[in-house]
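Residues per chain, in single letters:
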Amino acid sequence: MSFPETMKAIAIDRTGDVDVLEVKTIPFPAHVPGNVVIKVVYGGINFIDTYYRKGLYPIKSFPQVLGMEASGTVVALPTDESVLASAEYQKRGLQVGSKVAVNFLGVHSEYASVPWSKVFPLPASVSLHTAAAATLQGLTAVSFVEEAYAVKPGDAVLIHTVAGGFGLLAAQLAKRAGATVIGTTSTPEKAAVARAHGADHVVLYTEEDVVKRVLELTGGAGVHVVYDGVGKDTFMDNFKLVRRKGTLVSVGNASGAVEPIAPLKLVEKNLALLRPTMANYIYTPEEARYYGEKLFGYISKGELKITIHKEYPFTTEGARQAQSDLATKGGSTIGKLLYKISDE
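**Q** Would you mind showing me how to read the pairing of strand β13 (residues 242-250) here?
**A** Two faces make up the sheet, and in a regular strand the side chains alternate between them. The pairing of strand β12 (residues 223-228) with β13 spans five bridges and is classified as parallel. Note on β13: the bridge partner recorded for Y227 is V249. Note: β13 against strand β14 (residues 272-274), three bridges, orientation parallel. By the bridge assignment, L248 is partnered in β14 with L273.

**Q** Can you walk me through the packing of helix α1 (residues 47-54) against helix α10 (residues 316-327) in this structure?
**A** Helices that pack against each other are described as a pair by the angle of their axes relative to one another and the distance between those axes. Interhelical geometry of α1 versus α10 gives an angle of 110° and a closest axis separation of 10 Å. Classified by the interaxial angle, the pair formed by α1 and α10 is roughly perpendicular. Within the contact between the two elements, α1 uses F47, D49, T50 and R53 and α10 uses Q323, L326 and A327. For the contact of α1 with α10, the class distribution of residues is three nonpolar, two polar and two charged.

**Q** Explain the sheet that holds strand β11 (residues 201-204) to me, please; I cannot follow it from the model alone.
**A** What links the strands of a sheet is backbone hydrogen bonding, and the strands pair in either a parallel or an antiparallel sense. Ordered in space as β11-β10-β9-β12-β13-β14, the six strands form an open sheet in which the pairing is parallel. Only two strands of the sheet have a single partner each, and these edge strands are β11 and β14. Geometrically, the sheet is characterised by an average inter-axis angle of 15° between neighbouring strands, direction not taken into account. Sheet analysis places strand β9 (residues 156-160) next to β12, joined by four bridges and oriented parallel. Residue V157 lies in a different strand from β12, and its bridge partner there is V225. Sheet strands in contact with helix α5 (residues 165-176) are β9, β10 (180-185) and β12, and its direction is about 170° off that of β9. Against the sheet, helix α7 (residues 210-217) engages β9, β10, β11 and β12, with an angle of about 160° to β11.

**Q** How should I be thinking about the pattern of salt bridges in this particular structure?
**A** When the charged atoms of two side chains lie near each other, side chains of opposite charge can form a pair. Overall, the coordinates contain 16 salt bridges when judged by the stated rule. The salt bridge partner of D13 is K24, with a shortest N-O separation of 3.0 Å. Residue D13 is found in the loop between β1 (6-12) and β2 (22-27), and its partner K24 is found in strand β2; the two are separated by 11 residues along the sequence. Looking at D13, the relative accessible area reads 39%, which means it is partly exposed. A salt bridge links D155 to K152; the nearest nitrogen and oxygen atoms lie 3.2 Å apart. Judged by relative accessible area, which is 2%, D155 ranks as buried. Each member of the salt-bridge network shares a partner with another, and the members are E88, K91, R92, R289 and E293.

**Q** Quick question: what am I supposed to make of the environment of K269 here?
**A** As for its position among the elements, K269 is in the loop between β13 and β14. Overall, K269 belongs to the partly exposed group, its relative accessible area being 22%. In the structure, K269 is positioned 138 residues away from A131 in sequence and 40 Å away in space, judged by C-alpha atoms. Residue contacts for K269: discarding those within four places in its chain leaves F239, K240, L241, V242, R243, R244 and K245. Polar contacts involving the side chain of K269 include one to the main-chain carbonyl oxygen of V242, which spans 2.6 Å.

**Q** What am I meant to see in the packing of aromatic side chains here?
**A** Centre-to-centre distance and the angle between the planes together describe a pair of aromatic rings. As enumerated under the stated definition, the model contains 10 aromatic pairs in all. Here the aromatic rings of F144 and F166 are separated by 6.4 Å at their centres, their planes lie at 70°, and the arrangement is edge-to-face. Remark: F166 occurs in helix α5 and F144 occurs in helix α4 (residues 128-148); sequence separation between them is 22 residues. For the pair F144 and F166, a shared accessibility class is recorded, and that class is buried. A network of ring pairs unites the aromatic residues F3, F28 and Y111 as a single cluster. Positioned above the aromatic ring of F239 is the side chain of K265, whose terminal nitrogen or guanidinium carbon lies 5.1 Å from the ring centre.

The rules we used
- Residues numbered from 1 in each chain as written.
- Predicted model: local features only at pLDDT ≥ 70, side-chain atom pairs only at ≥ 80, totals over all residues.
- Heavy atoms only, no water.
- Pairing = 2+ DSSP bridges.
- Helix = DSSP H or I, 4+ residues; strand = E, 2+ residues; numbered from the N terminus.
- Axes fitted to C-alpha atoms, helices over the stretch in contact; angles between N-to-C directions.
- Parallel < 35°, antiparallel > 145°, perpendicular 65-115°, else oblique.
- Contact = heavy atoms within 4.5 Å.
- Nonpolar A, V, L, I, M, F, W, Y, C, P; charged D, E, K, R; others polar.
- Salt bridge = Lys/Arg side-chain N within 4 Å of Asp/Glu carboxyl O.
- Buried < 20%, exposed > 50% of the residue type's maximum accessible area, 1.4 Å probe, protein only.
- Polar contact = N/O pair within 3.5 Å; in protein donor to acceptor, adjacent residues only side chain to side chain.
- Phe/Tyr/Trp six-rings, centres within 6.5 Å; stacked < 30°, edge-to-face > 60°.
- Lys NZ or Arg CZ within 6 Å of the ring centre and 35° of its normal.

What follows is the structure, given as structure tokens:
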């Protein structure tokens, strides 16, 4: 099929506040033999988009198209014969017209060219709407609960914060694994949603002393693992509420990057500290397929609920509002934010 010479994308020409976000007209993606071209329908909005926009994560050149997560339809397959002949590629069963989700930088655009191993075929029962809300945070939650720390029956798990996209997924997965799930959030409304997604206890950090309450809930012992997506504002208190030989998993930087600490800090309780990235858990094609099949298998069987808070228009104003809403501390968002980029 023929493709347009140009397309629209959410991009930045420099790093900064939300006012650097624009829907721009840029060239159609250059042909890459090992890539799959997707007509994008929905884009998932994540904190990592704000990290690139602010300059917390490096950008090689401008303009930079943002977005790490999207769903859509395959419009072109790889042309590299070695890719087409590989068993891992063939296991995906990709065809023109296949409904897929993608995880790759620069996909908040009308079309995206994505390495084939970062393209996830969808079961018939999983919609593009759901897939765009599930992919990045879902792959993160599934891999972190299995590999960053393998949650097991009887564990006490703390999730900062529990009512966002990652938190709601991690709560369900940890509960499924047999853990007692404790979460933090800002409002009673968010706490109710968290409980409906598997949280046994929810601490309102706006009203309660989180350290004191978590220690009360664990009989003074502390939790086995903390999954912390907040960062700077919560990180140091985690050392007070995790138990001896516990694990701290720094998931994100919603309140700002964590300040450096001395390794000797871990000696106090013989702690393990990780700052993993999902990309290194789905690094190989085999790993990507394993976690993709696991994630969308859970969703298709109804074992993992995906909560979508709001859909934003594919405009400059929509992009700015979406990132503002996402990053507002104690804001009203519960679950996932999406862009509607095109019609199916």
